[in-house]
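Results of the structural survey
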Amino acid sequence: MDKTSILIVEDDPSIRNLMTTTLKAHGYLFLTAGTGEAAILAAASHNPDIVLLDLGLPDIDGMEVIRRIRTWSNMPIIIISARSEDSDKIDALDAGADDYLTKPFSVDELLARIRTTQRRLKLLHQEDAENQPRFVNGDLCIDYAAGSVFLRNQELHLTPIEYKLLCLLSRNIGKVLTHNYITQNIWGSSWESDIASLRVYMATLRKKLESDPDAPAYIQTHIGVGYKMLKVS
């Protein structure tokens, strides 16, 4: 079973160490960021399952971090802040945060909030799988249950890697997926060789999908960043 990955955004070393020690002891994967800009970059590059976000960061306010992440992702964000006024909590939740924990906090309460968020994520994923057995975008149809892909009612013969790439893009339609995020999901790593392989597989997938590779209808390249599946009207 995949472990939940958590991004810790906290500039106070003592609190950050407490959180990392706690998460490590309970089997979570984690990465850390000490500034808002670093947090946004880490969120885009690694696509963690959950973000633990301090609002009082040294460069930009945590509220801005929430707003910027929400322009491209619905990843759960749990605020952990010394700001205890109701207005602060309301503003953060209105900006797109999922939960709010006030400092000082107990380790047990932090873990309970994470478990609650995990349960919510699991339910959402189950609903997605049940409600969307098929994906249709223009002339493209993916039957997730059968593992089949059709373009203009003709079945496409894809390699396992090409199929996994297509499914990953389709489940995130309209979002730019970074090279690191894609390679982590497909190969479990992000070495230069993985990114080079990604370009090769993406080129072969496009040959099977696109009638005009110079004017792609389905997969858009964001040079130096990653790829996005376009919505076809």
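First, a word on scope: everything that follows refers to the structure included in this document.

Cut-offs and rules
- Starting from 1, residues in each chain are numbered consecutively following that chain's sequence as written.
- In keeping with the predicted nature of the model, local features appear solely for residues at pLDDT of at least 70, side-chain atom pairs appear and are counted solely at 80 or more, and the whole-chain, interface and lining totals rest on all residues.
- The basis for the side-chain values is all heavy atoms of the structure; hydrogens and waters are excluded.
- In this analysis, strands are considered paired if DSSP registers two or more bridges between them.
- Helix and strand assignments come from DSSP, with helices taken as H or I runs of at least 4 residues and strands as E runs of at least 2, each series counted from the N terminus.
- Between N-to-C directions, angles span 0 to 180 degrees; the directions come from axes that are lines fitted to C-alpha atoms, helices contributing only their stretch in contact.
- Working rule for contacts: check all heavy atoms of both residues, and any pair within 4.5 Å makes them a contact.
- Counted as a polar contact is a pair of N or O atoms within 3.5 Å, where, for protein atoms, one must be capable of donating a hydrogen and the other of accepting one, and residues adjacent in sequence contribute only when both atoms are in side chains.
- Aromatic pairing here means that ring centres of Phe, Tyr or Trp (its six-membered ring) are within 6.5 Å. Orientation follows from the plane angle: under 30 degrees is stacked, over 60 is edge-to-face, and everything else is tilted.
- Geometrically, a charge over a ring is one whose NZ (Lys) or CZ (Arg) sits within 6 Å of the ring centre while staying within 35 degrees of the ring normal.
- When accessible area is computed with a 1.4 Å probe and restricted to protein chains, residues below 20% of their type maximum are described as buried, those above 50% as exposed, and intermediate ones as partly exposed.
- We define a salt bridge as a contact between a side-chain nitrogen of Lys or Arg and a carboxyl oxygen of Asp or Glu at a distance within 4 Å.

**Here we look at the sheet that holds strand β7 (residues 140-143)**
- Taken together, 4 strands build an open sheet; the order of strands is β6-β7-β8-β9 and the sheet is antiparallel. Across the chains shown, the open sheet's two edge strands, defined by having one partner strand only, are β6 (134-137) and β9 (154-156). The average angle at which neighbouring strand axes cross in this sheet is 25 degrees, direction not considered.
- The sheet contact formed by strand β8 (residues 148-151) and β9 spans 3 bridges and is antiparallel. Its bridge partner being in β9, Phe 150 is matched across the sheet by Glu 155.
- Strand contacts of helix α6 (residues 160-170): β6, β7 and β8, with the helix running at about 105 degrees to β7, the strand carrying the most contacts.

**As for the sheet that holds strand β12 (residues 226-229)**
- If you walk across this open sheet you meet the 3 strands as β10-β12-β11, and the pairing is antiparallel. Unpaired on one side and paired on the other, β10 (176-178) and β11 (219-222) mark the two borders of the sheet. Recorded for the sheet is a direction-independent mean angle of 30 degrees between the axes of neighbouring strands.
- The strands touched by α6 within the sheet are β10, β11 and β12, with β12 carrying the most contacts at an inclination of about 70 degrees.
- Across the face of the sheet, helix α7 (residues 179-187) comes into contact with β10 and β12 while running at roughly 70 degrees to β10.

**Focus on the side chain of Thr 4**
- When you line up the elements, Thr 4 lands in the segment before β1 (5-9).
- Among the polar contacts made by the side chain of Thr 4, one reaches the side chain of Gln 118 at a distance of 2.7 Å.
- Residues in contact with Thr 4, not counting those within four places in the same chain, are Tyr 28, Leu 29, Asp 49, Ile 50 and Gln 118.

**Topic: the packing of aromatic side chains**
- All chains considered together, the criterion is met by 0 aromatic pairs.
- Between Arg 171 and the ring centre of Tyr 144, over which it is positioned, the NZ or CZ distance is 3.8 Å.

**Here's the deal with the environment of Ala 112**
- Counting through the fold element by element, Ala 112 comes out in helix α5 (residues 107-131).
- Here Ala 112 falls in the partly exposed class, since its relative accessible area comes to 29%.
- For the pair formed by Ala 112 and Pro 58, sequence separation is 54 residues and the distance between their alpha carbons is 28 Å.

**Section: the pattern of salt bridges**
- Scanning the model with the defined rule gives 9 salt bridges in all.
- Between Arg 83 and Asp 61 there is a salt bridge whose closest N-O contact spans 2.6 Å. With Arg 83 in the loop between β4 (77-81) and α4 (86-95) and Asp 61 in the loop between β3 (50-53) and α3 (62-69), this pair connects stretches of sequence that are 22 residues apart.
- We note a salt bridge from Lys 208 to Glu 162, for which the minimum N-O separation is 2.7 Å. Taken together, the residues span a long stretch of sequence, with Lys 208 in helix α8 (residues 192-209) and Glu 162 in helix α6 at a distance of 46 residues.
- What makes Lys 208 partly exposed here is its relative accessible area of 32%.

**A word on unusual backbone geometry**
- A cis amide bond, omega -5 degrees, links Lys 103 with the succeeding residue Pro 104.
- In this fold, Pro 104 is placed in the loop between β5 (99-102) and α5.
- In this structure, Arg 152 is a non-glycine residue whose phi angle is positive, near 50 degrees.
- When you line up the elements, Arg 152 lands in the loop between β8 and β9.
- Since its relative accessible area comes to 45%, Arg 152 is described here as partly exposed.
- The backbone of Asn 153 shows a phi angle near 65 degrees, a positive value even though the residue is not glycine.
- Counting through the fold element by element, Asn 153 comes out in the loop between β8 and β9.
- Note on Asn 153: relative accessible area 73%, which makes it exposed.

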